[in-house]
Amino acid sequence: MNSMHRTPLLKILEAYQPIDDVDAAQRDRIVQFVRSEPRCFERSLAAGHITGSGWLIDRTARRVLLTHHAKLDKWLQLGGHADGDPDTLRVAIREAHEESGLTDIVPLSAEIFDLDVHWIPQRSDVPAHLHYDIRFLLQARGSDDHVKSDESHELRWFNLEELADFPVGQSVRRMCEKWRVYIQGEEQRHSASGTRS
């Protein structure tokens, strides 16, 4: 099978800057998987497959929309299966639309925001498998009024302070820290531009 469809993902994976050794190990694991598996974007690949998700912040960049995932019973970022689409940013935006009902969602960068490899337990006739999740920083530019899909128990906007003591996993905690750094960078940019004006 032609490997060209994997090239764009491999390029952004290789450009990704991990924040620590754990983050670097996740990236290396995903790179190895994508290079070795031509069907990596297909849900039918039983051992595991690529997924795309988004850390979806509001217009102010001060809140993030998380879902209480119905099947996994965890608070997570919005996202889902690539289903054959090799454009993981497009997958992340599509899934954010579908799971939130928000229509005006834009990427703040085409670069990867975060990566994670995690185990999905068996459910009915779907065997346990791995998700190789490619995550992007997205922003909702329009209304904040979301609509819960069948995949969620609940959708909720959180700020950093609320998430500090909220029961979320290490993967979400890592994205919170990256988000904090992003907010600080935005504040510094605004302060610098205000000083020069």
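Structure report, in brief.

This part covers the overall build of the chain. Across its full length, the chain holds five helices and eight strands. Helices and strands in the chain line up, N terminus first, as α-α-β-β-β-β-α-β-β-β-β-α-α. Taken along the three principal axes of its C-alpha coordinates, the chain extends 55 × 35 × 30 Å. Taken over 197 residues, the chain has a buried fraction of 46%. A separation of at least 24 residues holds for 68% of the contacts in the chain among residues at least 6 apart in sequence. Total accessible area on the chain is roughly 10400 Å²; 50% of this is exposed by carbon and sulfur atoms.

Bringing the packing of aromatic side chains into the picture now. A full pass over the atoms with the stated rule returns six aromatic pairs. With a centroid separation of 5.3 Å and 85° between ring planes, the pair formed by tryptophan 75 and phenylalanine 158 is classed as edge-to-face. Of this pair, tryptophan 75 sits in strand S3 (residues 74–76) while phenylalanine 158 sits in strand S8 (residues 152–158), and the two are 83 residues apart along the sequence. Taking the relative accessible area as the measure of exposure, tryptophan 75 reaches 10% and is therefore buried. In textbook terms, an aromatic cluster arises when at least three aromatic residues are bridged by ring pairs, as seen for Trp55, Phe113 and Trp179.

It is the contact of helix H1 (residues 7–15) with helix H2 (residues 21–36), at a shortest axis distance of 10 Å, that shows an interaxial angle of 160°. In terms of axis orientation, H1 runs roughly antiparallel to H2. Read as a crossing pair, H1 and H2 show a hand that is left-handed. Within the contact between the two elements, H1 uses Leu9, Leu10, Leu13 and Glu14 and H2 uses Arg27, Ile30, Val31, Val34 and Arg35. In terms of residue class, the contact of H1 with H2 is made up of six nonpolar, no polar and three charged.

In the structure shown here, the tally under the stated rule is 17 salt bridges. Residues arginine 27 and aspartate 28 are paired through a salt bridge, measuring 3.1 Å at the closest nitrogen-oxygen approach. Measuring nitrogen to oxygen at the nearest pair gives 2.8 Å for the salt bridge that ties aspartate 58 to arginine 63. With a relative accessible area of 3%, aspartate 58 lands in the buried category. In this structure arginine 63 comes out as partly exposed when scored by relative accessible area, which is 28%. Bridged by salt links that share partners, the residues Asp23, Asp114, Asp116, Asp133, Arg135, Arg174 and Lys178 form one connected network.

What counts, and at which threshold
- Residues numbered from 1 in each chain as written.
- Predicted model: local features only at pLDDT ≥ 70, side-chain atom pairs only at ≥ 80, totals over all residues.
- Heavy atoms only, no water.
- Helix = DSSP H or I, 4+ residues; strand = E, 2+ residues; numbered from the N terminus.
- Buried < 20%, exposed > 50% of the residue type's maximum accessible area, 1.4 Å probe, protein only.
- Contact = heavy atoms within 4.5 Å.
- Areas by Shrake-Rupley, 256 points an atom, 1.4 Å probe, with all protein chains shown as cover.
- Phe/Tyr/Trp six-rings, centres within 6.5 Å; stacked < 30°, edge-to-face > 60°.
- Axes fitted to C-alpha atoms, helices over the stretch in contact; angles between N-to-C directions.
- Parallel < 35°, antiparallel > 145°, perpendicular 65-115°, else oblique.
- Left-handed = near helix turned anticlockwise from the far one by under 90°.
- Nonpolar A, V, L, I, M, F, W, Y, C, P; charged D, E, K, R; others polar.
- Salt bridge = Lys/Arg side-chain N within 4 Å of Asp/Glu carboxyl O.

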